[in-house]
Amino acid sequence: MHLDLNLLIALDALLEERSVGAAADRLHLSQPAMSRTLGRIRKATGDEILVRSGRAMLPTPYAEQVRDEVHQLVIRAQVVLSPTAEVDPATLERTFTLQCNDVVADALLPRLAGRLLTAAPGVCLRVLGEADTTVDELRSGHIDLRITDEIPPHTDTRSTTLLTDALVVVGRHDLPHDPSTWTGFAALPHAVISRRGRIRSRIDDLLEARNLRRHVAFTVPTLALALRTVADHDLVTVVPALLGGQALPAPLRAYPLPADAPAVPAVLAWHVRHDRDAAHRWLRMLVADTLTAIGGTARP
């Protein structure tokens, strides 16, 4: 029996995307070609794989059952066939995609830009903000690197903690309450930085443990907008000290967060399929060196 292993790659994309069109875009195929490939997968497996439900496509029970196994098979094949040769950054022509929040981007990119332009003038770095979906974009292949404050839960995702940063409260010099105490902190309205408009964070857990609550008056998508907002009003925002609390414009200052507030890690994550990719490893080292120069020691 002849087995076309390319069908595994297509099946992996279809199960991740749950869309023929999106899977076609991911594999650089036309939608009719991907539809024909889905037909071949259905014939090979004897299962519909994806079935239409309204405007969406849902995986069958069989597809859900084999999804993780298919993904692991594709990853193992990619690792086996990945080149292990060294890379010359000066001649490298490649586009990488880095995902991080606005606070990290604001601290990292001014420092990274000069090093990247000098070492690898042919490289394009696409920087994306916080994801708009719950799809793991490292596993799906939409991004190459992600910097977050959480260690990835999946065994096929690698990570290293680059630095650990304290949280600080940013607000005007003349606030009516002292935000370095829990009661003063809770008494002030807050501007929360979140591209997805999330209101709740670990800060609320700390307040609730002390029978306190805060009022979130705004959620804003960027650090710059948060600073402009709190500069003109009796508001506060919470940012990492090293990454977001430096060189604050007047009339702002950084207040220490009340005692017992946890530090926030900066975790660099990538998918295991890139472990032996010399160009990807070079970029990981460059990003790690640049970010850890702000305040850490770890390396991937």
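It should be emphasised that the depicted structure is a prediction, and the values quoted were computed from it without experimental measurement. (Residues numbered from 1 in each chain as written. Predicted model: local features only at pLDDT ≥ 70, side-chain atom pairs only at ≥ 80, totals over all residues. Heavy atoms only, no water.)

Take the pattern of salt bridges next. Within this structure, the stated rule accounts for 13 salt bridges. Note that Arg42 is salt-bridged to Glu48, the shortest N-O span being 3.6 Å. The salt bridge involving Arg94 is made with Asp277; its shortest N-O contact spans 2.7 Å. Note that Arg94 is positioned in strand E3 (residues 94–99) and Asp277 in the loop between strand E12 (264–271) and helix H11 (278–295), a separation of 183 residues in sequence. The structure contains a network of salt bridges with shared partners spanning Asp12, Glu17 and Arg26. (Salt bridge = Lys/Arg side-chain N within 4 Å of Asp/Glu carboxyl O. Helix = DSSP H or I, 4+ residues; strand = E, 2+ residues; numbered from the N terminus.)

The biggest cluster of nonpolar side chains holds 41 residues, and the ones touching the most others in it are Ile147, Val170, Leu268, Trp282, Val287 and Leu291. With eight residues, H11 is the single largest residue contributor to this core. What Val287 contacts, discounting residues up to four positions off in sequence, is Leu108, Leu112, Leu145, Ile147 and Leu268. Grouped together as the second largest cluster of nonpolar side chains are 18 residues, Leu15, Val20, Ala63 and Val66 included. (Core = buried A, V, L, I, M, F, W, Y, C linked by side-chain atoms within 4.5 Å. Buried < 20%, exposed > 50% of the residue type's maximum accessible area, 1.4 Å probe, protein only. Contact = heavy atoms within 4.5 Å.)

Here helix H3 (residues 31–45) contains 15 residues, and its C-alpha end-to-end distance of 21 Å stays within 8% of the 21 Å for a straight helix at 1.5 Å per residue. By the burial criterion, the buried members of H3 are Ala33, Met34, Thr37, Leu38 and Ile41. Around the axis of H3, the buried residues are gathered within 140 degrees of arc, so they sit on the same side. Set apart from the buried face of H3 by more than 90 degrees, the exposed residues are Arg36 and Lys43. (Expected span 1.5 Å × (residues − 1). Arc of directions from axis to C-beta.)

This prediction gives the protein chain a mean pLDDT of 87; 93% of its residues lie at or above 70. Per-element confidence in the protein chain is highest for helix H7 (residues 182–187), whose mean pLDDT is 96, and lowest for helix H10 (residues 241–244), whose mean pLDDT is 78. (pLDDT = per-residue confidence, 0-100.)

Applying the stated criterion across every chain, the model contains one aromatic pair. A centroid spacing of 6.0 Å and a plane angle of 80 degrees characterise the contact between Trp182 and Phe185, whose relative ring orientation is edge-to-face. Of this pair, Trp182 and Phe185 both sit in helix H7, three residues apart, roughly one helical turn. Accessibility classification places Trp182 together with Phe185 in one group, the buried group. Geometry around Tyr255 places Arg253 over its ring, the cationic atom sitting 3.9 Å from the centre. (Phe/Tyr/Trp six-rings, centres within 6.5 Å; stacked < 30°, edge-to-face > 60°. Lys NZ or Arg CZ within 6 Å of the ring centre and 35° of its normal.)

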